[in-house]
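Structural description and commentary
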Amino acid sequence: ENCGHISISAHVMRLGDPVTASCTVTQSCSHLDPEPQILWKLGAELLQHRGRQQSHPDGSQKSTITLPHLNSTHTFLLCYLNWSNSLQLLDQAELWAGYPPAMPSNLSCLMNLTSNSLICQWEPGPDTHLPTNFTLKSFKSRGDCQTQEDPIKDCVPAAGQSSCSIPRKHLLLYQNMVIWVQAENALGTSLSPQLCLDPMDVVKLEPPTLMALDPNPEMALPQPDCLWLRWEPWKPSIYMDQKCELRYRPQLREASWAQVAPLPSSTTRYELCGLRPATTYALQMRCIRWPLPGHWSTWSPSLELQTT
Amino acid sequence: ENCGHISISAHVMRLGDPVTASCTVTQSCSHLDPEPQILWKLGAELLQHRGRQQSHPDGSQKSTITLPHLNSTHTFLLCYLNWSNSLQLLDQAELWAGYPPAMPSNLSCLMNLTSNSLICQWEPGPDTHLPTNFTLKSFKSRGDCQTQEDPIKDCVPAAGQSSCSIPRKHLLLYQNMVIWVQAENALGTSLSPQLCLDPMDVVKLEPPTLMALDPNPEMALPQPDCLWLRWEPWKPSIYMDQKCELRYRPQLREASWAQVAPLPSSTTRYELCGLRPATTYALQMRCIRWPLPGHWSTWSPSLELQTT
Amino acid sequence: PLPLPRSFVLKCLEQARRVQAEAVEMQQKLCATYRLCHPEELTLLGHSLSIPWVPLKGCSSQDLQPTRCLRQLQAGLVLYRGLLRALVGISPELSPTVDTLQLDVADFATTIWQQMEDLGTAPAVQPTPGTMLTFTSAFQRQAVGAMVASQLQCFLELAYRALRYLRGP
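Every value quoted in this text rests on a predicted model; they were computed, and no experiment measured them.

**Section: the interface of chain C and chain B**
Taken together, the contact pairs 16 residues of chain C with 19 residues of chain B. Carbon and sulfur atoms make up 54% of the surface buried where chain C meets chain B, a total of about 1,400 Å² over both sides. Applying the counting rule to chain C against chain B returns zero salt bridges. Where chain C meets chain B, there are six residue pairs in polar contact (both at pLDDT 80 or more). Every element with two or more residues in the side of chain C that touches chain B is listed here: helix H1 (6-34), helix H2 (43-48) and helix H5 (138-167) of chain C. If one sorts the elements of the side of chain C that touches chain B by residue count, H2 of chain C sits on top with five residues. Class assignment for the residues of the side of chain C that touches chain B results in six nonpolar, seven polar and three charged.

This is the structure we're talking about:
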């Protein structure tokens, strides 16, 4: 039969909140000493004269203690019996203190065409000091996301991660869906603002591949101030209409980029003129899904070509 | 309902063996042409005039073909109907040819004290050209392995691997066990010779750690022809009695190793004398479980010390 | 003419190109893995297994009827989704392609269905994929896969032309 038992207001509380606990020592345990002294420790610290001790008709003893502010995020409250001058541990209660989760913020998502999944990430907010579960929740919708169609399976991030990847089979492409993050711990739950997006409108494009193009063979003498280049859109996005931007600069110190007006992705060759003869130029290109919405890819690695 | 159907002696055979197959074209399919011509292809090659074609009472047509030697390890046998001058594919049979597995050889095992598992490897033998499964089988035994105690769960190697790791929980340490490899494919099964070993007798030791030792402070002047060193056995093997060997050589070209008689692992300090003064020496040590059986560790990385 | 939002037509064009590319990939894999490289050799087998051919009469360039074309396109996509569903688990090499293709065909059908609903031109009853095909051999399933991949490309070619016409200049 249990010698002593702690009962406590809560094992998890807000940092700085009070704690009330009582430790009941059964009669069988305290028979050796008519007036057994019950002592408390918080972690390693002995709490001198803090418990109000009473005897109960059934012969048991009960000590009650209140800690005004619990300031450590994880500690133990221990109940001892002073038994012929040796402290005997009867029971201990594990205590956690922290904060309810703040509202997750900066939720953003990108559709990865290689893994064919929608990857969302967010800011988790300040440390709550408590085990806090984040879940990426979503449902299929239509139009401007005012209606809820089929729910989508919760996306549970890997431990400690503030991102989650919704697999293709849970997505309905080319339709809007509603996405948000839920943060939950023992002290409460909080939800991020909702996003309304079509996964295909947040595709993460990789840059195109730039290649030199031999000048037109019919041309007797290639113009000295021109460069000829061609490019291939990133393969997984080849079915998307895109527009691309080309920028170039001579390999001279402090030379700044000059940019060519957007080029539709259907044309994959370009003649760049008006350049300095006998000069090496660095060329870069980036593309974006267009006219449908999308994100610009990063600039491609530089292609270096020299005018004649 | 099925238009045509191939039935074949076997889908998997020994390389060079004959193959007999028949293709039956149902009456419903051949109704368009009273004498439908059945043709065969092996891979892309049309087998001219090779099938014996017969009509059956039920109106179906059957062509039978025999290929004396199948010489490709993976191909298709196709049955066509010449249907108003267009070859119509009715059925195809996938064929594999190869060899029964040779006996796996050179089975050897090492007990890894870090992963606490018994890792065995073997030579799979020549390519059989067929999907071949290797399984490491074993059972607990006693004495000289003449009796079979508890069986041990089969260890299935990762695809294409010729090694397998038996986890600690399946092992009975300090007792002999019987281990062998089984190779199996569609053409047969073969077993390697059996090993009889105690996992602890095949421990793979890592070398000890060699460190310089400051000469004995009481000594007025450290002898010029001596070096002082100490070592620590490899931590996971610290509970094992071991003996160790020390070798040393001066940092001179073509200097060969000299070796000190085995040192019991209980002594972890050593004074090496009889050396050349003012010379840098490379020292290495290796250890082996002793007097119980074991394998020598590799030599430790060199410790370089200079005599005064 | 049907008041079709430009973004809807642009999305359909993109989805058609996307599904087309995947159908080509499926065909290439069937050719590489099972040497089923000539769909024209499978006509007789297709008849015997009664593989449905999906007409797009409302989408012909001579006589384009937008409402009818969209309905036939949507019904055809639902039918192809059913055919693709019968091919699930066809083989480890092909399964990823078939799974993605099936999802993309289904999403394309949903895009059109929801637009028809928004326009009030959707048929009273959603078309269904019909009874699931069954096969008596692995070869039949592979051969049907080759037929579906080939026919789906012709189907999408027709649809693409009609959608481009609907997109206008």
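Moving on from the coordinates now.
**Re the interface of chain C and chain A**
Contact with chain C, which involves 17 residues of that partner, is made by 18 residues of chain A. Summing both sides of the interface, chain C and chain A together bury roughly 1,700 Å²; the carbon and sulfur share of this comes to 47%. Together, Lys11, Glu14 and Arg18 of chain C form the three largest contributors to the area buried by chain C at its contact with chain A, with a combined 37%. Inspection of the chain C/chain A interface yields seven salt bridges. Between Arg289 of chain A and Glu14 of chain C there is a salt bridge; the shortest N-O distance is 2.9 Å. One can count 14 residue pairs in polar contact (both at pLDDT 80 or more) joining chain C with chain A. For the side of chain C that touches chain A, the secondary-structure elements that each account for two or more residues are H1 and helix H4 (95-119) of chain C. The biggest single contributor to the side of chain C that touches chain A is H4 of chain C, with nine residues.

**Thoughts on the side chain of Ser60 of chain A**
Residues and elements named next belong to chain A. Of note, Ser60 is situated in the loop between strand S6 (52-55) and strand S7 (61-67). In terms of polar contacts, Ser60 uses its side chain to reach the side chain of Asp58, at 2.6 Å. Residues within four places of Ser60 in sequence aside, it is in contact with Thr24, Val25, Thr26, Gln27, Gln54 and Ser55.

**Remarks on the environment of Gln48 of chain A**
Residues and elements named next belong to chain A. Assignment of secondary structure puts Gln48 in the loop between strand S5 (45-47) and S6. A relative accessible area of 47% places Gln48 in the partly exposed class. Considered as a pair, Gln48 and Arg247 are 199 residues apart in the sequence and their alpha carbons are 75 Å apart.

**Description of the pattern of salt bridges**
Applying the stated criterion across every chain yields a total of 20 salt bridges over all chains. Across the pair Glu117 of chain C and Arg142 of chain A runs a salt bridge, and its minimum N-O distance is 2.5 Å. Of this pair, Glu117 of chain C sits in helix H4 while Arg142 of chain A sits in the loop between strand S12 (133-140) and strand S13 (151-155), on two different chains. Relative accessible area serves as the criterion here: at 17%, Arg142 of chain A is assigned to the buried category. Here Glu25 of chain C ties to Lys29 of chain C by a salt bridge, and the two come within 3.5 Å at their closest N and O atoms. Note that Glu25 of chain C and Lys29 of chain C are positioned in helix H1 at a spacing of four residues, about one turn of the helix. One network of salt bridges, in which partners are shared, links Arg168 of chain A together with Arg18, Glu22, Asp104 and Asp107 of chain C.

Reading guide: rules and limits
- Residues numbered from 1 in each chain as written.
- Chains lettered and ligands numbered in written order.
- Predicted model: local features only at pLDDT ≥ 70, side-chain atom pairs only at ≥ 80, totals over all residues.
- Heavy atoms only, no water.
- Contact = heavy atoms within 4.5 Å.
- Buried area = accessible area lost by both parts, 1.4 Å probe.
- Salt bridge = Lys/Arg side-chain N within 4 Å of Asp/Glu carboxyl O.
- Polar contact = N/O pair within 3.5 Å; in protein donor to acceptor, adjacent residues only side chain to side chain.
- Helix = DSSP H or I, 4+ residues; strand = E, 2+ residues; numbered from the N terminus.
- Nonpolar A, V, L, I, M, F, W, Y, C, P; charged D, E, K, R; others polar.
- Buried < 20%, exposed > 50% of the residue type's maximum accessible area, 1.4 Å probe, protein only.

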